[in-house]
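# Overview (structure and organization)
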Amino acid sequence: MPTPQPCAAVSAPPYSDEEIRRRLDACPKLASLESINRALTSLVNSEQSLTSQIADIIRRDPSLSARLLRMVNSVYFGLSANVSSIEEAVFFLGLRQIRELSRATPVIEDLARLQNTTRFEPELWKSLWSHSIGTAILTREILATAPITVDDETDYLVGLLHNLGKIIMAYAFPEELMVVATTRCPNAAAVCALERKLIGWDHAQIGGYYLDRHHLTEEIVFAVRYHHAPDLAPRQQIFAAAVQVADHLVRHSGMAGGFEQVAQAREDDWESLAGWSILYGQDEAESKIARASLANTLRRLPAALTGLV
């Protein structure tokens, strides 16, 4: 990839809204966004499910099976001997980890087919997915401390899909994304500003539009659309707020989003974000509990990603 250049003004005018929509509408549809491993998801959400039943469904999907075994044998789980049985892997991981895996795998595999039509380096995609899955894990942890109840996998999916717009950009606006990927910017907000100068929309708006076209729920669409400015979301602010904070925490841990040259987020920077205020307000006790919980998750995050990416 060319040497990164300083963030600078762009003279070329952006595309019209009509042209942006035309290009995004021409992108391939992603089946996994509308039906994500329904059989497995239904089974792991049932209290009556048996380990053997879950293992039997996983065995039908080679990609999911391989990812499951990589995950269980990663250093995160510290087992004394390698696990080669799907049923044993399900037993060791537990239903929560299996749910996360069942959500992440089809989305990643489906989007991989789209990203393979682009000319960007594999390492950029790996970095993007590490960041996205890390954000998904932390978004779930953050929302667990919030005063809401999430009964489905929305808390994980909003984090996983928050940078979907970058993948769509690689397909619909490859030249512009190459400029973004090779330009140094001081922060994520500057990256979004550069995208808007080059294209007219940033990756958050592109991702939100694409998901809306796929008829995903408002919680997911708004979380992706407003994850850089949750205070601007007309509704469902708490999901966008959780993604914004999670995104900054993952950046602090050293996992950038893949297609950008941005400095590592500084410790405690996230407490000045609009998302942090939406989640915890001025309640110092809640903030303290959240900081302790998130610090623990951050410490184990790199190992947790070993089997997922």
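Predicted, not measured: the structure shown is a model, and the values here were computed from it. (Residues numbered from 1 in each chain as written. Predicted model: local features only at pLDDT ≥ 70, side-chain atom pairs only at ≥ 80, totals over all residues. Heavy atoms only, no water.)

## Here's the deal with the overall build of the protein chain
The helix and strand inventory of the protein chain stands at 17 helices and three strands. The 309 residues of the protein chain split such that 51% are buried. Across the protein chain, contacts joining residues at least 24 apart in sequence account for 71% of those joining residues at least 6 apart. (Helix = DSSP H or I, 4+ residues; strand = E, 2+ residues; numbered from the N terminus. Buried < 20%, exposed > 50% of the residue type's maximum accessible area, 1.4 Å probe, protein only. Contact = heavy atoms within 4.5 Å.)

## Considerations on the confidence of the model for the protein chain
In regions of low pLDDT, the predicted coordinates are not meant to be interpreted in detail. Scored by pLDDT, the protein chain has a mean of 78; 75% of the residues are at 70 or more. Within the protein chain, helix α2 (residues 31-34) has the poorest average pLDDT of any element, 52, and helix α1 (residues 17-25) the best, 94. (pLDDT = per-residue confidence, 0-100.)

## Notes on helix α8 (residues 122-144)
With 23 residues, α8 extends 33 Å between its outermost C-alpha atoms, agreeing within 8% with the 33 Å of an ideal straight helix rising 1.5 Å per residue. Taking burial as the measure, the 23 residues of α8 include 18 buried ones, the bulk of the element. (Expected span 1.5 Å × (residues − 1).)

## Focus: the pattern of salt bridges
The final tally for this structure, using the stated rule, is seven salt bridges. Its salt-bridge partner being Arg23, residue Glu19 comes within 2.9 Å of it at the nearest N-O pair. One end of the pair is Glu19 and the other is Arg23, both in helix α1 and four residues apart, which spans about a single turn. Overall, Arg23 belongs to the partly exposed group, its relative accessible area being 24%. Measuring nitrogen to oxygen at the nearest pair gives 2.7 Å for the salt bridge that ties Arg196 to Asp202. On the accessibility criterion, Arg196 (38% relative accessible area) is partly exposed. (Salt bridge = Lys/Arg side-chain N within 4 Å of Asp/Glu carboxyl O.)

## Quick word on the nonpolar core
Residues Leu24, Ile142 and Leu279 are the most contacted members of the largest nonpolar core, which totals 72 residues. Grouped together as the second largest cluster of nonpolar side chains are 13 residues, Ala55, Ile86, Leu93 and Leu101 included. (Core = buried A, V, L, I, M, F, W, Y, C linked by side-chain atoms within 4.5 Å.)

## Describing the packing of aromatic side chains
Applying the stated criterion across every chain, the model contains four aromatic pairs. Centre to centre, the rings of Phe222 and Tyr226 are 5.9 Å apart; their planes meet at 90°, and the pair counts as edge-to-face. Its end group placed over the ring of Tyr226, Arg225 keeps NZ or CZ at 4.9 Å from the ring centre. (Phe/Tyr/Trp six-rings, centres within 6.5 Å; stacked < 30°, edge-to-face > 60°. Lys NZ or Arg CZ within 6 Å of the ring centre and 35° of its normal.)

## So, the side chain of His248
Relative to the assigned elements, His248 resides in helix α15 (residues 237-252). Residue contacts for His248: discarding those within four places in its chain leaves Ala265, Trp270 and Leu273.

## Some details on the packing of helix α11 (residues 174-181) against helix α12 (residues 188-198)
Packed helices, taken two at a time, are described by their axes: the angle between them and the distance between them. Packing of α11 against α12 leaves a shortest axis separation of 10 Å and a crossing angle of 150°. Overall, the two elements α11 and α12 adopt an arrangement that is roughly antiparallel. The two elements α11 and α12 cross, and the hand of that crossing is right-handed. When α11 is examined against α12, the residues Glu176, Val179 and Val180 are found in contact with a partner set consisting of Val191, Leu194, Glu195 and Leu198. (Axes fitted to C-alpha atoms, helices over the stretch in contact; angles between N-to-C directions. Parallel < 35°, antiparallel > 145°, perpendicular 65-115°, else oblique. Left-handed = near helix turned anticlockwise from the far one by under 90°.)

## Brief notes about the packing of helix α14 (residues 218-225) against α15
In the contact formed by α14 and α15, the axes pass within 8 Å of each other and the chain directions differ by 45°. Our classification of the angle between α14 and α15 gives oblique. Note on packing geometry: the crossing formed by α14 with α15 is right-handed. Between α14 and α15, the contacting residues are Glu219, Phe222 and Ala223 on the first element and Phe239, Ala240 and Val243 on the second. When the residues that make up the contact of α14 with α15 are grouped by side-chain class, the tally is five nonpolar, no polar and one charged. (Nonpolar A, V, L, I, M, F, W, Y, C, P; charged D, E, K, R; others polar.)

## Considerations on helix α10 (residues 164-172)
Within α10, eight of the nine residues are buried, which leaves the element mostly enclosed by the surrounding structure. Burial in α10 covers these residues: Leu164, Gly165, Lys166, Ile167, Ile168, Met169, Ala170 and Ala172.

## A short note on unusual backbone geometry
Phi at Gln236 takes a positive value of approximately 55°, unusual for a residue other than glycine. Position of Gln236 relative to the elements: it lies in the loop between α14 and α15.

## Comments concerning the environment of Val83
Tracing the sequence through the fold places Val83 in the loop between α5 (62-72) and α6 (86-93). Those residues in contact with Val83 that lie beyond four places of it in its chain are Leu69, Val72, Asn73, Glu88, Ala89 and Phe92.

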